[in-house]
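Working through the structure, step by step
Below are the chains, spelled out letter by letter.
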Amino acid sequence: MRISVCHCLACQQRTGGPFSAQARWPDAQVTLDGEWKTFEAAGDSGARATFRFCPVCGSTVAFAGEGMPGMTAVPVGAFADPSFPAPTVSVYETRRHPWTAVLGDDVERWD
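Before going into details, it helps to say that this report is about the structure given with it.

Here is what the cut-offs are and how they apply
Residues numbered from 1 in each chain as written. Predicted model: local features only at pLDDT ≥ 70, side-chain atom pairs only at ≥ 80, totals over all residues. Heavy atoms only, no water. Helix = DSSP H or I, 4+ residues; strand = E, 2+ residues; numbered from the N terminus. Rg over C-alpha atoms; globule rule 2.2 N^0.38 Å. Buried < 20%, exposed > 50% of the residue type's maximum accessible area, 1.4 Å probe, protein only. Contact = heavy atoms within 4.5 Å. Areas by Shrake-Rupley, 256 points an atom, 1.4 Å probe, with all protein chains shown as cover. Lys, Arg positive; Asp, Glu negative; His and termini not counted. Charge placed at Lys NZ, Arg CZ, Asp CG, Glu CD. Core = buried A, V, L, I, M, F, W, Y, C linked by side-chain atoms within 4.5 Å. Phe/Tyr/Trp six-rings, centres within 6.5 Å; stacked < 30°, edge-to-face > 60°. Lys NZ or Arg CZ within 6 Å of the ring centre and 35° of its normal. Salt bridge = Lys/Arg side-chain N within 4 Å of Asp/Glu carboxyl O. 1 Å grid on protein atoms, 1.4 Å probe; cavity = no way out; pocket = protein on both sides within 12 Å on 5 of 7 lines; lining within 4 Å. Points joined across faces, edges and corners; volume = space filled by probe spheres on them. Nonpolar A, V, L, I, M, F, W, Y, C, P; charged D, E, K, R; others polar.

Comments concerning the overall build of the protein
Scanning the protein for helices and strands turns up one helix and eight strands. Relative to a compact globule of 111 residues, whose C-alpha radius of gyration would be 13 Å, the protein shows 14 Å and is just as compact. In terms of overall dimensions, the protein has C-alpha extents of about 40 × 30 × 25 Å along its principal axes. Going through the 111 residues of the protein one by one, you find that 30% of them count as buried. By sequence separation, contacts in the protein at least 24 residues apart represent 44% of the contacts at least 6 residues apart. When the accessible surface of the protein is split by element, carbon and sulfur atoms take 54% of a total near 6,800 Å². In the protein, 9 side chains carry a positive charge and 12 a negative one; their mean positions are 6 Å apart.

So, in structure tokens, the structure goes:
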């Protein structure tokens, strides 16, 4: 449904990078297989999200949040596919590191 990047401080802390990148689908279209653990956290907006992560390596494998009910987000890096489609939405641009850029004329930019 949507591929986006988020520059909020909570995503920066969670990923250890300058932004997070994720693809979202309706819950019914996502199936997770294997074991995971969960934790909850609030983003810069105050909305809470539940993150599922690998108990072995700690990588986030999926998350769902109050801000987009009925949707599951999967980090783009979990696909390990450099040809994965580019993001079309960039949120919390006011928190974007000035040395990063989300390229494309069709990218929606939200502060």
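Quick look at the nonpolar core
Cys6, Cys8, Cys11, Val89 and Val91 form the largest nonpolar core, which has five residues in total. Non-local contacts of Cys11, meaning those with residues more than four positions away in its chain, are made with Cys6 and Ser20.

Observations regarding the packing of aromatic side chains
Following the criterion strictly, the structure yields five aromatic pairs and no others. Taken together, the ring pairs in this structure connect Phe39, Phe51, Phe53 and Phe63 into an aromatic cluster. Its end group placed over the ring of Phe63, Arg14 keeps NZ or CZ at 5.0 Å from the ring centre.

Here we look at unusual backbone geometry
Phi at Ala80 takes a positive value of approximately 45°, unusual for a residue other than glycine. Exposure remark for Ala80: the relative accessible area of 67% places this residue in the exposed category. Despite not being glycine, Tyr92 shows a phi value in the positive range, around 55°. Locating Tyr92 in the fold gives a position in the loop between strand 7 (89-91) and strand 8 (108-109).

Some thoughts on the environment of Ala21
If you trace the backbone, Ala21 turns up in strand 2 (residues 20-26). Setting aside chain neighbours within four positions, we find Ala21 in contact with Ser4, Val5, Val74, Pro75 and Val76.

Regarding the pattern of salt bridges
Using the criterion set out here, one finds three salt bridges in the structure. Its salt-bridge partner being Glu93, residue Arg96 comes within 4.0 Å of it at the nearest N-O pair. Judged by its relative accessible area of 17%, Glu93 falls in the buried class. The shortest N-O distance in the salt bridge between Arg109 and Glu93 comes to 3.6 Å. You can see Arg109 sitting in strand 8 and its partner Glu93 sitting in the loop between strand 7 and strand 8, a full 16 residues away along the chain.

Details of the layout of surface pockets
Its boundaries defined by the atoms lining it, the largest pocket holds a volume of some 580 Å³. If you go around the largest pocket, you meet 30 residues; those closest to its centre are Cys6, Cys11, Arg24, Gly43 and Ser45. Secondary-structure elements contributing two or more residues to the lining of the largest pocket are strand 1 (2-6), helix 1 (9-15), strand 2, strand 3 (37-42), strand 4 (48-53) and strand 5 (60-65). Taken together, the residues of the lining of the largest pocket break down into 16 nonpolar, seven polar and seven charged.

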